[in-house]
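Structural description and commentary
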Amino acid sequence: MVECTVSEVPDVPETEPTMRAHQQQGNPSRRRFLQQVATLTAGTAVFGLPPLVEATETEVPSSLAELPPLPESTPDNLLLRMQADLRRALKKPIEERRWAMAIDLRKCVGCSACTIACIAENKLPPGVVYRPVVEEEIGEYPHVTRQFIPRPCMQCEEPPCVPVCPVKATYVRPDGIVEIDYEACIGCRYCIAACPYGARTADFGEFYTAGTPALQPYETEPSHEYGRSWARDGKASPAGNARKCHFCIHRLDAGMLPACVTTCIGYATFFGDMNDPESLIHELAGKPNVMRLKEELGTKPRVFYLT
Amino acid sequence: MMKVSKILLPLLLIALVIGAVGVWDRLTLGKANLAFGSYLPWGLWVGLYIYLIGTSGGAFLVAFLHYGLGIAALRRPATYAVPIALLTLGAGLLLVLLDLGQMGRFWYLYTRTSPTSVLGIMVWAYTLYGLVLAAMVLAMAGRRLRALKWLSFVGIALVIVFGGGEGALFGVLGANPYWNSGILPIRFLFSAFLSGIGLVAFAVVLFRRWQADAEDEAAGRLFRVSMLALLAFNLVLEFAEISVALYAGVPAVVEAHELILFGAYWWVFWILQLGIGLLIPALVLVSRLGRRPEWVGVAGALIAIGYAGTKQNIVLAGLSVPDFRGLSEAFVHPRLSLTYFPSLTEWYVAIGVVGAAALAFILAIEILPFLKNHEGIDPSGLTGTR
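The numbering scheme is per chain: residues are counted from 1 as the chain's sequence reads. Chains carry letters and ligands carry numbers; both start at the beginning, A for chains and 1 for ligands, and go up in the order they are written. Per-residue local features are limited, in this predicted model, to residues with pLDDT of at least 70; the limit for side-chain atom pairs, both in listing and counting, is 80 or more; totals at the level of whole chains, interfaces and linings are taken over all residues.

In terms of regular secondary structure, chain A is built from 10 helices and 10 strands. Residue burial here comes from a neighbour count, namely the number of other C-beta atoms, placed from the backbone, that lie within 10 Å of the residue's own C-beta, with 20 or more meaning buried, 12 or fewer meaning exposed, and in between meaning partly exposed. Counting only residues that meet the buried cut, chain A has 51% of its 307 residues in that class. It is the C-beta atoms, placed from the backbone, that decide contacts: two residues are in contact if theirs lie within 7 Å. Contacts in chain A between residues at least 24 apart in sequence constitute 63% of all its contacts with a sequence separation of at least 6. Helix and strand definitions here come from DSSP, where helices need a minimum of 4 consecutive H or I residues and strands a minimum of 2 consecutive E residues; each element is numbered from the N-terminal end.

Below, the structure is given as structure tokens:
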């Protein structure tokens, strides 16, 4: 089991968001990206081990190979397999990766551990949620069953939220993740209205312990979304911005699976690179019992549901 | 100073003080005291913003009909139409500025404009339109009729762009079955014309002495006929939208319409929108009362008030239908709710901004010589007064 929390990720220097730099500068930014990945991972303990990537000028983080081997994966140890898939993907250039998620609705018990893990990982303030678990009751008493549908951002291939942004503050990264540039977002919330999945929430700059004698320190701890350190004072971004799930980019860059994946008690959430035919996610997404939400809208979600 | 100005000034000053309290709250406490959230991300301010901007375009239509197309009967109303258009535009933009999560970055709308965003394009249209209006005020001050003519043509083109574009702002959102309709931009454009003409008619009747001459009679007739025609057309559009939606039975669309018709704010549709905004003014205008200028002004005011409700309904009904059944119960927080009623701060700011625009209008017509004489610019260009 991966044991790593965001508090172990060191504060990174104030640099532009990784993928924005990549978009704007073309190939040279890959080098910069790798440097940032390396910076992120420096000091990060995955399995209590040395960093995944060294800060080098190499095109591909070949130092991933320096990681100690994972315990041998067994068919029933899905986390280890996904971890290996992730490492393999990270060795590829970013534009060759296609991150995707699969959620097995038959296994989800509606414990909301993923919701809480996400909140803890991303230091989400009141009213901001990236991965609620929608509950649906089917049938009538006494023949009732309940279904639980975790709903992260769908990271759509054709995201309706992107073209509506008036200031180009949200865009699709080369690896398929839809990113929000917190420093560009003006907080008009047009993207929130445009999302068919209700996956974006507005940060109203609130605190859980507002109105109490003292604001608790955990409230002002920085989040590390998009590989940067975002100190919280209730006014500076991401307060006032639209926010959403980003597949824990900062964890991926450090070689870790998204928090919701590692926290799922029932192994119901899967993650990986769809471009890797050997990966678990590729295998699952090809199953006949796969569906995607609101597929008729043509958004091409990268979150698959196994039913 | 006109008697009506003397009565209104203290009221508007009170509105300004109330607005100042709201703005202070917004600037110091951020968005803490705003009642909307994430699943219902726009509220009173956005509804008022689209209403005021649309009304600005409608007021401009009056100016265009006179300065651009040379309809002589609207000479006097056109004088008021330009400042009304400018001030309602300013009020709408101020409200939406206060609505931004990061107000200090508003200028990104110019430096980082996305050409794919309707909102991004709208901002440029508003800006150009504002500049046209400012130039028209200067041209009016200088009695430059030729400049007014050409500016009014540019202005009306921009009105059509953003008047319809405002509807497109909502209509292009395929995620929202209630908004996603080709009829919405047309509804926005023609309801804007209606509320704008209504407001100008009201202002003209309220603030200038109506004269029993042929010009005023013709103006009254024109207002009456145009408001009736636009009321009928808007009714047709609205009926088409509601009846088609209910008959088609797409659940999310039906739910939005049912919310409007029978939901918690049923009164906004039945009383404000249909009663005050449509039925009463229609009855006034078709009856004998409609021949009297003061009643034309009353009908205009009722229309202007009623269509403010229409825009609120469009915004809120579209947002009140959840993307997923059970989403607002999946993670419970006041910001993740589908119910909304504006907070005191929102009301304060709305009252203050609208009051400030009205106050600026009164001061303008009391102070600026080319507005003070109530008469407009003589089409012959020889004099500014009669």
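Time to look at the overall build of chain B. Summing up its helical and strand segments, chain B has 14 helices and zero strands in all. Along chain B, from the amino end to the carboxyl end, the secondary structure elements read α-α-α-α-α-α-α-α-α-α-α-α-α-α. The buried share of chain B, reckoned over its 386 residues, is 53%. The long-range fraction of contacts in chain B, counting pairs at least 24 apart against all pairs at least 6 apart in sequence, stands at 79%.

Before going further, it helps to spend a moment on the sheet that holds strand 1 (residues 99-104) of chain A. Residue and element names in this part refer to chain A. Within the open sheet, the four strands sit side by side as 8-1-10-9. Their pairing is mixed. Of all the strands in the sheet, the pair left with one neighbour each is strand 8 (269-273) and strand 9 (290-291). Pairs of strands are assigned from DSSP output, requiring at least two bridges between the strands. By the bridge criterion, two bridges tie strand 9 to strand 10 (residues 303-306) in an arrangement that is antiparallel. The residue bridging Val290 from the neighbouring strand is Leu306, located in strand 10.

With six bridges connecting them, strand 2 (residues 133-138) of chain A and strand 3 (residues 145-150) of chain A associate as antiparallel partners. Within strand 3 of chain A, the position partnered with Glu135(A) by the bridge is Phe148(A).

Our next topic: the confidence of the model for chain A. All names here are of chain A. For every residue, the predictor states its confidence as a pLDDT score lying anywhere from 0 to 100. Confidence in the prediction for chain A averages 82 pLDDT; 75% of positions are at 70 or higher. Within the model, the stretch residues 1-31 combines pLDDT values under 50 with 55 contacts to residues more than four positions away or in other chains. Low pLDDT, under 50, characterises residues 37-63; the stretch is placed with 59 contacts to residues that sit more than four places away or in other chains.

For interface size, the figure often reported is the accessible area lost on association. Across the boundary between the two partners, chain A contributes 42 residues, which contact 38 residues of chain B. Of all the secondary structure elements, the ones that give two or more residues to the side of chain A that touches chain B are strand 2, helix 5 (161-164), helix 6 (190-194) and strand 6 (201-202) of chain A.

On to the nonpolar core, then. Where a protein is soluble and globular, its nonpolar side chains tend to be buried together. Residues and elements named next belong to chain B. In terms of nonpolar packing, the biggest core is built from 205 residues, with Trp45, Val62, Ala81, Ile84, Ala85, Ile197 and Val200 touching the most fellow members. Tallying contributions element by element places helix 2 (residues 44-68) first for this core, with 17 residues. Discounting chain neighbours no more than four positions away, the residues touching Ala85 are Ser56, Ala59, Phe60, Ala63 and Leu133. To form a nonpolar core, buried Ala, Val, Leu, Ile, Met, Phe, Trp, Tyr and Cys residues must be joined through C-beta atoms within 7 Å.

In this section: helix 3 (residues 78-90) of chain A. Residue and element names in this part refer to chain A. Here helix 3 spans 18 Å end to end across 13 residues, near enough to the 18 Å set by a 1.5 Å rise per residue. Burial in helix 3 covers these residues: Arg81, Met82, Gln83, Asp85, Leu86, Ala89 and Leu90. Residues of helix 3 that are buried in the fold lie against helix 9 (259-263), strand 8 and helix 10 (280-285). In this scheme, a helix's expected span is set at 1.5 Å multiplied by one less than its residue total.

All names here are of chain B. Axis separation between helix 8 (residues 214-248) and helix 9 (residues 251-262) bottoms out at 8 Å; the angle between their running directions is 130°. Comparing their axes, helix 9 and helix 8 come out oblique. Every pair of crossing elements has a handedness; the one defined by helix 8 and helix 9 is left-handed. Packed against helix 8, whose contacting residues are Ile242, Ala245 and Leu246, the element helix 9 presents Val253, Val254 and His257 at the interface. Each residue is assigned to one of three groups, with Ala, Val, Leu, Ile, Met, Phe, Trp, Tyr, Cys and Pro labelled nonpolar, Asp, Glu, Lys and Arg labelled charged, and all others, Gly among them, labelled polar. In the contact of helix 8 with helix 9, the residues fall into five nonpolar, one polar and no charged. Fitted lines through C-alpha atoms serve as axes, helices being fitted only where they are in contact, and the angles separating the N-to-C directions of these axes extend from 0 to 180 degrees. By the definition adopted for this analysis, an angle is roughly parallel if under 35 degrees, roughly antiparallel if over 145, roughly perpendicular if from 65 to 115, and oblique otherwise. Crossing handedness is defined as follows: a turn of the near helix away from the far one that is anticlockwise and smaller than a right angle gives a left-handed crossing, while the clockwise case is right-handed.

So, on to helix 3 (residues 75-99) of chain B. Taking 1.5 Å of rise per residue, the 25 residues of helix 3 of chain B would be expected to cover 36 Å, and the 37 Å separating its terminal C-alpha atoms lies within 8% of that figure. The buried fraction of helix 3 of chain B is high, at 23 of 25 residues.

The next subject is the packing of helix 2 of chain B against helix 3 of chain B. All names here are of chain B. Where helix 2 contacts helix 3, the axes come no closer than 7 Å and their chain directions differ by 160°. As judged from the angle between their axes, helix 2 and helix 3 are roughly antiparallel. In terms of crossing hand, the pair formed by helix 2 and helix 3 is left-handed. Here the contact of helix 2 with helix 3 is built from residues that sort into 22 nonpolar, five polar and two charged.

Residues and elements named next belong to chain A. Residue Pro142 is reached from Tyr141 by a cis peptide bond, and omega for that bond is 5°. For Pro142, the position within the fold is in the loop between strand 2 and strand 3. Along the chain, Ser237 connects to Pro238 via a cis peptide bond; the corresponding omega equals 10°. Residue placement: Pro238 occurs in the loop between helix 7 (217-220) and strand 7 (242-243).

Structurally, Arg173(A) can be placed in the loop between strand 4 (170-172) and strand 5 (178-180). Remark: the alpha-carbon pair of Arg173(A) and Asp273(A), spanning 100 residues in sequence, is separated by 14 Å.

Residues and elements named next belong to chain A. With respect to the helices and strands, Pro159 occurs in the loop between strand 3 and helix 5. Between the C-alpha atoms of Pro159 and Val290, which are 131 residues apart in sequence, the distance is 20 Å. If we skip the residues at most four places from it in the chain, Pro159 touches Val172, Val178 and Thr299.

Moving on, we get to the environment of Ile249(A). All names here are of chain A. Along the chain, Ile249 falls in helix 8 (residues 249-253). With 22 C-beta atoms packed within 10 Å, Ile249 lands in the buried category. With sequence-adjacent residues up to four places away left out, Ile249 is seen in contact with Ile177, Tyr226 and Gly227.

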